[in-house]
Amino acid sequence: MIKNSIKRRTFIKKTGLLSIPLGLGLYGCQDNKGSAIETDIAIIGSGLSGLNAALTLQAFGYKSTIIEATDRIGGRVYTAKEEDVPGHPELGANGIGGGYGRLLSAATKYGIEIGPMRPRTEPRKGELLYAIYDDLILPDQWKTHPKNPFHLDWAKGMSPTSVPWKVYADTNPLPENDLTAWRDPKFAEWDRSIASVMKEQGFTEEAMKLSVGTNSSYGISADDMSVLNFYQILNFISQQSAAKTGRGGAAIGGNQRIPEAMGNAYTGDIRQNSPVKSISAAKDSVTITLDNDKVVKAKYVIITLPAYALRRVKIDPPLPALQQEGIDELGYTPNAQVHFTVKKNYWEEDGLPPSMWSDKLCGRFMALKNDVDNPEKVTSIVAYVNTNEALKLSKMSEKDAKAIVMKEAEEIRPSLKGALEPVYYWKWSNNPYAGGAYAYWKPGQITKYADQFANPHGRIHFAGEHTAVYFRGMEGAMESGERAASEVMKLVG
Ligand SMILES: Cc1cc2nc3c(=O)[nH]c(=O)nc-3n(C[C@H](O)[C@H](O)[C@H](O)COP(=O)(O)OP(=O)(O)OC[C@H]3O[C@@H](n4cnc5c(N)ncnc54)[C@H](O)[C@@H]3O)c2cc1C
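Rules behind the numbers
The numbers attached to residues start from 1 for each chain and follow its sequence in the written order. For a predicted model such as this one, the threshold for reporting local features is a pLDDT of at least 70, and the threshold for listing and counting side-chain atom pairs is 80 or more; totals across whole chains, interfaces and linings nevertheless cover every residue. What fixes the domain bounds is an automatic or database domain assignment. Any pair of residues counts as being in contact when their C-beta atoms, constructed from backbone geometry, are within 7 Å of one another. Strands are runs of DSSP state E lasting at least 2 residues, helices are runs of H or I lasting at least 4, and numbering of each runs from the N terminus. Here, nearness is defined through the C-beta atom: a residue counts as near a molecule or strand if that backbone-placed atom lies within 6 Å of it. Throughout, the ten residues Ala, Val, Leu, Ile, Met, Phe, Trp, Tyr, Cys and Pro are labelled nonpolar, Asp, Glu, Lys and Arg are labelled charged, and all others, Gly among them, are labelled polar. Here a nonpolar core is just a set of buried residues of the types Ala, Val, Leu, Ile, Met, Phe, Trp, Tyr and Cys, joined wherever their C-beta atoms sit within 7 Å. With C-beta atoms placed from the backbone, a residue is buried if 20 or more other C-beta atoms are within 10 Å of its own, exposed if 12 or fewer are, and partly exposed between those counts. A strand pair is defined by DSSP finding two or more bridges across the two strands. In this analysis, axes come from line fits to C-alpha atoms, helices being fitted only over the stretch in contact, and the angle between any two N-to-C directions falls in the range 0 to 180 degrees. In these notes the angle categories are as follows: under 35 degrees is roughly parallel, over 145 is roughly antiparallel, 65 to 115 is roughly perpendicular, and the rest is oblique. Crossing chirality is assigned from the near helix's rotation relative to the far helix, an anticlockwise turn below a right angle marking it left-handed and a clockwise turn marking it right-handed. An expected span of 1.5 Å times one less than the residue number is assigned to each helix.

## Details of the domain arrangement of the protein chain
Domain parsing of the protein chain yields domain 1 (5-75 + 252-331 + 436-492), domain 2 (119-148 + 335-427) and domain 3 (160-243). Placing a centre on the C-alpha atoms of domain 2 and another on those of domain 3 gives a separation of 26 Å. Domain 2 puts 10 residues into the contact, and the matching count from domain 3 is seven residues. Broken down by secondary-structure element, the contributors of at least two residues to the side of domain 2 that touches domain 3 are strand 15 (355-358), strand 17 (380-386) and helix 14 (387-394).

And the structure:
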């Protein structure tokens, strides 16, 4: 199915392609009836990177077609519908940095208002409880708790997930504000595991398991992630804070309004529900085959898929071995979420803060306050689950996942019995078109693969957040789309 029938008609009218037979050296695609549709540049994926590539090309007068697997624009920018979850929380990207120049410009250009950040996984002060080691612990009690696994005074007093960030800050060898140094071979010695650095500072396996490997924001464990990746993140965060633009936050109505507005501004065709299964490049054209065996032909293609999704796409001629290996191996942060409506204010019953950070399958169990007119109102609860817990959850059926999250939450906090209604389940892990929330680099991967991902392969070009050099997340996706579009424009002339 395509984006809408008006666009489809416009597209066919503009190109007159229904009358062009295949095999004449023209670039084309078979529509439902086997007729040909041609495009100059095919862009695979309608996330921010694909949309920004398409709009950059459009701004310079180039024609393109976007091919998208799902029935939605925005990829990993995904806002729940109000009728599904009150307050329409973000299921995907949440925070827009003040220095997200491209994304904020797009929002301004397409009339999307940016409002305050909507806290999701970081509760406001005084609102968090630790539900760990089968105990409910207030932050003030944590420092002296008998199971606190940290050996240093400063670490004992911190929230467990903050501890490694101080270690990263203390050991970060990258020059301040340098956004590209993480790729500099000079720092390759730091492309080693977080565990290797934390062990040098005396942290035990248990301390690392709790602080890095339990419902934290990235990856799976301290052994599984490169500390250089976190030095990059720190430099990126400090650059964003230094931006002081007074902007940043979240789009009013949900972040998904931004890619939707970009999609509306795009005058080309967006073919939705069209998963790509193979791409074959010849000397003067590229043939793209969809899951339903329809064929698209283009002069150039820009692939914007997460590496995980790209593993399912056959590319011919094969990519260089190292590039393919990187695609096969890159890490994706596991994430699954159960959203609840509140039937009873359980926190008033037990007198404890509404949000809890747990070491269980209920993950970061967070009270969301997404009503702009009533900022103190809890609009919904999310069990935002990462690391191994998310992997376990995402292998279950929706029914089982909702049930086990609820059961584990109630076991640790009895006031939750009968308090919540699970209304929505979403997983990025095991999702064939994403594979996880965002890419992370395992030890050695930056040195080995970082320079490989964006390498064009004949007429095939690559974008997507994992190919970005300067920025991360949404802004990284925007950066990569612009870079890939400019590569192709140089070639088309
Ligand atoms: C839970 C979560 C929290 C996040 N938090 C933040 C945050 O706070 N701040 C921030 O900046 N970023 C955040 N991000 C990251 C941000 O969302 C991504 O970096 C960015 O949106 C990626 O854009 P992209 O275009 O590279 O990829 P995507 O958005 O993944 O776009 C790729 C598109 O390709 C499509 N596709 C996949 N396979 C195929 C196929 N075979 N054929 C055709 N189409 C296909 C997909 O459906 C998708 O639409 C978060 C992401 C998640 C999931």
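From this point, the narrative continues.
## Side note on the site of the ligand
Near the ligand there are 37 residues, and of these Gly45, Gly47, Gly75, Ala93 and Gly473 occur at the shortest range. Counting residues per element, the ones that place at least two in the shell around the ligand are helix 2 (48-59) and helix 17 (473-492). Among the elements that make up the shell around the ligand, the one with the highest residue count is helix 17 (four residues). Of the residues in the shell around the ligand, the class split is 19 nonpolar, 15 polar and three charged.

## Considerations on the nonpolar core
If you look at the biggest cluster of nonpolar residues, it comprises 93 residues, and the most contacted ones within it are Ala42, Leu103, Ile288, Val301, Ile302 and Met474. When residues are assigned to domains, this core turns out to be shared by domain 1 (5-75 + 252-331 + 436-492) and domain 3 (160-243), each giving three or more. If we skip the residues at most four places from it in the chain, Ile302 touches Ile41, Ile43, Ala53, His461, Ala463, Ala484 and Val488. Counting 33 residues, the second largest nonpolar core, distinct from the first, contains Ile132, Ala336, Val338 and Met356.

## Here we look at the pairing of strand 4 (residues 128-132)
The side chains of a regular strand alternate, first on one face of the sheet and then on the other. Buried residues dominate strand 4, accounting for five of its five residues. Of the two faces of strand 4, the one holding Leu128, Tyr130 and Ile132 and the one holding Leu129 and Ala131 are both buried throughout. In the sheet, strand 4 pairs with strand 15 via four bridges, with the strands oriented parallel. Bridging across to strand 15, Leu129 finds its partner in Met356. Alignment of strand 4 against strand 5 (residues 135-137), held across three bridges, turns out to be antiparallel. Residue pairing across strands places Ile132 opposite Asp135, the latter belonging to strand 5. A loop of two residues connects strand 4 with strand 5, the two strands running antiparallel in sequence, and Tyr133 in this loop sits at a positive phi of about 50°.

## Brief notes about the packing of helix 2 against helix 17
Look at helix 2 against helix 17: their axes get within 7 Å of each other, and the N-to-C directions meet at 40°. On the basis of the axis angle, helix 2 is oblique to helix 17. In the crossing of helix 2 with helix 17, the sense of the turn from one axis to the other is right-handed. Along its contact with helix 2, which presents Leu48, Ser49, Gly50, Leu51, Asn52, Ala53, Thr56 and Leu57, the element helix 17 presents Met474, Ala477, Met478, Ser480, Gly481, Glu482, Ala484, Ala485 and Met489.

## Some details on the sheet that holds strand 12 (residues 314-316)
Here four strands make up an open sheet; going across it, the order is 10-9-8-12 and the pairing mixed. Two strands lie at the open edges of the sheet, namely strand 10 (295-298) and strand 12, each paired on one side alone. For this sheet, the mean inter-axis angle between neighbouring strands, taken without regard to orientation, is 15°.

## Describing the environment of His145
Secondary-structure assignment places His145 in the loop between helix 4 (139-142) and helix 5 (153-156). Along the backbone, His145 and Met406 are 261 residues apart, and their C-alpha atoms lie at a distance of 26 Å.

## Concerning helix 17
Between its first and last C-alpha atoms helix 17 spans 29 Å; for 20 residues at 1.5 Å apiece the expected length is 28 Å, and the two agree. Directly after helix 17, the chain includes Gly493, whose backbone phi takes a positive value near 85°.

## Notes on the pairing of strand 10
Pairing between strand 9 (residues 286-290) and strand 10: four bridges, direction antiparallel. The residue of strand 10 that forms the bridge with Ile288 is Val296. Once strand 9 ends, the chain turns through four residues before running back antiparallel as strand 10, passing Asp293 with a positive phi of about 70°.

## A closer look at the sheet that holds strand 11 (residues 300-303)
Ordered in space as 7-2-1-11-20, the five strands form an open sheet in which the pairing is parallel. Taken across any chain shown, the strands that pair with only one partner, and hence form the sheet edges, are strand 7 (269-271) and strand 20 (460-462). Each adjacent strand pair in this sheet contributes to an overall mean axis angle of 20°, direction not counted. By the bridge criterion, three bridges tie strand 2 (residues 64-67) to strand 7 in an arrangement that is parallel. In the sheet register, Ile66 faces strand 7, and the bridge partner there is Ile270. Against the sheet, helix 17 touches strand 1 (41-44), strand 11 and strand 20, its axis set at about 170° to strand 11.

## Some details on the environment of Ala309
Residue position: Ala309 is located in helix 11 (residues 307-310). According to the C-beta neighbour criterion, Ala309 is buried, with 24 such atoms within 10 Å. Along the chain, Ala309 and Tyr133 lie 176 residues apart, while their C-alpha atoms are 36 Å from each other. Leaving out residues up to four positions away in the same chain, Ala309 has contacts with Pro432, Tyr433, Ala434 and Gly435.

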